[in-house]
Amino acid sequence: MDGSSYYIPATALAVAFAFKAPALVRSWRDPLLRSVCALLALAGAVFFFAAPPTIVKVNGLAGITNVSAPLVYALLSAFSAACLVLVVNWRGGPPAVTRVLTRRITAGYGVVIVALVALFALGDAPVERLRDFDTYYARTPFIREMIVLYLVAMTVAGLAMTVLCWRWALQVHGWLRGGLLIIVTGYMFDMAYLAAKFTAVIARWSGGNLDDLSTYAAPALASVGGQISAVGFCLPLACRRVGDQWSTWSTYRRLGPLWRELRPVCAHTGREGRISWWSAAELQVTQRESDIHDGMLNLFPYFDPDLRAHAYDAAVAAGSDPAQARAEADAAMVTAAVRARAGDPEGRVISAAEATTGPHDAPRDLVRMSLALRSSPVVAAVRGTAGMRLS
């Protein structure tokens, strides 16, 4: 019996888990990362063990007819718990409260899993059923209770997830809100799946036959709901990661003009750092900032506070706000200092300088100052006069 509709998503989830595994090893204490990895692992396990070929294999290896049923139900219950735990850790809050909620959810669904196994052991399911176990054994003592228990456990988790995500979505914006609304949409399909299961089981109790709802409609609804919810879980996390990377590389790029302005100074002093081009973005930014600070430290004896003051006045007169004017003035002072340093190859000014550390009011907004180097007419005037003071 073909199980590709189960094995394909199971493989995709396994690949996603494999990509997350190294980060999990490095940051095992991160509760959000643990929750994400647990969700991926359990979701993949549900698809894998619910596939009819796997059911046949597990039943044969165990030597117990239909032993796959409590196994899949236990995995579904654990997955429900993992979803709740992920939302609790994702939302954050006081760590003590988060830990207590996580433990309660885990303990509650742990009891459900133990009860599922016990009820299966007490019941009798001698005929192997690969797709219609729920309806075939809907009236069998203990097996009936096991089926109802897993459906109730999933319903409680589904309702809780829907309410939590909906309320949270009303309080946030952006990608997070979009992800939460997608999760709510996915759980609407999951609730439809549970409704189809309950309807088919109750019909069996009443002597009717609506098995197709459980055998065919419910799995399709669950598959659609699971995929939609997975997108909802992944979208905000992935977009946040992409956004962080974009912000980091944007900072690296915007620091470029200032780094290039100071590069001759760093090269002259031997302080310019070298790291691999494939290094992490955060490390690249840190190295570039370090190079800039080293360059300005070497230029300190050549800084002209009067020139900076005149440049500030000129920037304000040109319409810049105070923060922008300070950045333009700092950039003008650095530009002039670079040229003054180039005109003093023997470093006589450095040797004569009394101070050995940077000024108390050293430039701080490196990004804004770097952008001013490229676009400020005040800086262009200083560069054009080769360091002469503005008048």
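Residues numbered from 1 in each chain as written. Predicted model: local features only at pLDDT ≥ 70, side-chain atom pairs only at ≥ 80, totals over all residues. Heavy atoms only, no water.

**Q** Please explain the overall build of the protein chain as it appears in this structure.
**A** Within the protein chain one finds 16 helices and zero strands. The 391 residues of the protein chain split such that 44% are buried. The contacts in the protein chain between residues at least 6 apart in sequence include a share of 73% that link residues at least 24 apart. A total of about 20300 Å² of accessible surface is found on the protein chain, and carbon and sulfur atoms cover 64% of it. (Helix = DSSP H or I, 4+ residues; strand = E, 2+ residues; numbered from the N terminus. Buried < 20%, exposed > 50% of the residue type's maximum accessible area, 1.4 Å probe, protein only. Contact = heavy atoms within 4.5 Å. Areas by Shrake-Rupley, 256 points an atom, 1.4 Å probe, with all protein chains shown as cover.)

**Q** Can you walk me through the environment of Ala340 in this structure?
**A** Mapped onto the elements, Ala340 comes out in helix H13 (residues 322-342). Distance from Ala340 to Phe303, taken between C-alpha atoms, is 8.9 Å for residues 37 residues apart in sequence.

**Q** Is there a simple way to explain the pattern of salt bridges in this structure?
**A** When charged atoms on two side chains of opposite charge get close, those side chains can pair. For the coordinates displayed, the defined rule picks out six salt bridges. With its nearest N and O atoms 2.6 Å apart, the salt bridge here joins Arg204 to Asp211. Classification of Asp211 by relative accessible area gives buried; the value is 10%. One salt bridge in this structure joins Asp330 and Arg308, with 2.8 Å as the shortest N-O distance. (Salt bridge = Lys/Arg side-chain N within 4 Å of Asp/Glu carboxyl O.)

**Q** In this structure, what is going on with the packing of helix H1 (residues 4-26) against helix H2 (residues 31-50)? I would like to understand it.
**A** For any two helices packed against each other, one specifies the crossing angle of their axes together with the interaxial distance. Contact pair H1 / H2: the axes reach a minimum separation of 8 Å and the direction vectors enclose 155°. Judged by the inter-axis angle, H1 sits roughly antiparallel to H2. As for how H1 packs across H2, the hand of that crossing is left-handed. Along the contact surface, H1 presents Tyr6, Tyr7, Pro9, Ala10, Leu13, Ala16, Phe17, Lys20, Ala23 and Leu24, while H2 presents Leu33, Arg34, Val36, Cys37, Leu40, Ala41, Ala43, Gly44, Phe47, Phe48 and Ala50. (Axes fitted to C-alpha atoms, helices over the stretch in contact; angles between N-to-C directions. Parallel < 35°, antiparallel > 145°, perpendicular 65-115°, else oblique. Left-handed = near helix turned anticlockwise from the far one by under 90°.)

**Q** How should helix H11 (residues 281-299) be read in this particular structure?
**A** An ideal rise of 1.5 Å per residue puts 27 Å on 19 residues; H11 measures up with 27 Å between its terminal C-alpha atoms. Regarding H11, the residues found buried are Ala281, Gln284, Val285, Arg288, Asp291, Ile292, Gly295, Met296, Asn298 and Leu299. For H11, the arc enclosing every buried residue in end-on projection is 160°, short of the 170-degree limit, so these residues lie on one face. (Expected span 1.5 Å × (residues − 1). Arc of directions from axis to C-beta.)

**Q** Looking at this structure, I do not really get helix H3 (residues 52-62). What am I missing?
**A** Because an α-helix completes one turn every 3.6 residues, residues spaced three or four positions apart along the sequence face the same direction. Of all the residues in H3, the buried ones are Pro52, Thr54, Ile55, Val58 and Asn59. Looking straight down H3, one finds its buried side chains confined to an arc of 155°; they lie on one side. Exposed and facing more than 90 degrees away from the buried side of H3 are Lys57, Gly60 and Leu61. Buried residues along H3 sit against H1, H2 and helix H4 (68-91). Looking one or two places after H3, you find Gly63, whose phi comes out positive at around 75°.

**Q** Could you clarify how one ought to interpret a nonpolar patch on the surface in this entry?
**A** Together, Trp166, Leu170 and Leu181 make up an exposed nonpolar region whose accessible area comes to about 290 Å². As for its position among the elements, Trp166 is in helix H7 (residues 143-169). For Trp166, a relative accessible area of 43% gives the class partly exposed. (Patch = residues over 30% accessible without salt bridge, like charges linked within 9 Å, V, L, I, M, F, W, Y side chains within 5 Å.)

**Q** Even after reading the chapter, I still don't get the side chain of Ser214, so can you show me in this structure?
**A** Inspection of the secondary structure assignment puts Ser214 in helix H9 (residues 211-254). According to the relative accessible area criterion, Ser214 is buried, its value standing at 1%.

**Q** Even after reading the chapter, I still don't get the nonpolar core, so can you show me in this structure?
**A** For soluble globular proteins, nonpolar side chains are generally found buried alongside one another. In this structure, Tyr73, Phe133, Met146, Ile147, Tyr150, Met161 and Phe233 are the most contacted members of the largest nonpolar core, which totals 66 residues. Mapped onto this core, the elements with two or more residues apiece are H1, H2, H4, helix H5 (95-122), H7, helix H8 (174-205) and H9. With 15 residues, the single largest contributor to this core is H4. Other than its neighbours up to four places away in sequence, Phe133 contacts Asn66, Ala69, Tyr73, Ala125, Ile143, Met146 and Ile147. Ranked by size, the runner-up nonpolar core spans 31 residues in total, among them Leu258, Phe303, Ala337 and Met369. (Core = buried A, V, L, I, M, F, W, Y, C linked by side-chain atoms within 4.5 Å.)

**Q** Explain the packing of aromatic side chains to me, please; I cannot follow it from the model alone.
**A** Between two aromatic rings, the relevant description is the distance of the centres plus the angle of the planes. Taken as a whole, this structure holds eight aromatic pairs when the rule is applied. A ring pair is formed by Phe48 and Phe49, whose centres lie 5.1 Å apart and whose planes are at 90°; its orientation type is edge-to-face. Judged by centre distance (6.3 Å) and plane angle (65°), the rings of Tyr73 and Phe133 are edge-to-face. Of the two residues, Tyr73 is situated in helix H4 and Phe133 in helix H6 (residues 133-136); the sequence distance between them amounts to 60 residues. Accessibility expressed as a relative area gives 6% for Tyr73, which makes it buried. (Phe/Tyr/Trp six-rings, centres within 6.5 Å; stacked < 30°, edge-to-face > 60°.)

**Q** Teacher, can you tell me more about the environment of Gly207 here?
**A** Of note, Gly207 is situated in the loop between H8 and H9. The exposure class assigned to Gly207 is exposed, which follows from its relative accessible area of 58%. Spatially, the C-alpha atom of Gly207 lies 9.8 Å from that of Arg139, the residues being 68 residues apart in sequence.

**Q** How should I be thinking about the state of the cysteines in this particular structure?
**A** What makes a disulfide is a covalent bond joining the sulfur atoms belonging to two cysteines. What the rule picks out here adds up to zero disulfides. Cysteine Cys165 shares no disulfide, and the gap to the nearest cysteine sulfur, in Cys83, comes to 9.0 Å. (Disulfide = S-S within 2.5 Å.)

**Q** I keep staring at the confidence of the model for the protein chain and nothing clicks. Help me out?
**A** Do not read the predicted coordinates in detail wherever pLDDT is low. Overall, the predicted model of the protein chain reaches an average pLDDT of 83, with 89% of residues at or above 70. Low pLDDT (under 50) marks residues 354-360, which in the prediction has eight contacts with non-local residues, meaning those over four places away or in another chain. pLDDT under 50 marks residues 387-391. Its contacts with residues more than four places away, or in other chains, come to 13 contacts. (pLDDT = per-residue confidence, 0-100.)

**Q** Would you take a moment to explain the packing of H7 against H8 for this structure?
**A** Across the interface, H7 lies against H8 with an axial gap of 9 Å and an inter-helix angle of 155°. It follows that H7 is roughly antiparallel to H8 by the angle criterion. Remark: the crossing between H7 and H8 carries left-handed chirality. In the contact of H7 with H8, the residues fall into 25 nonpolar, three polar and three charged. (Nonpolar A, V, L, I, M, F, W, Y, C, P; charged D, E, K, R; others polar.)

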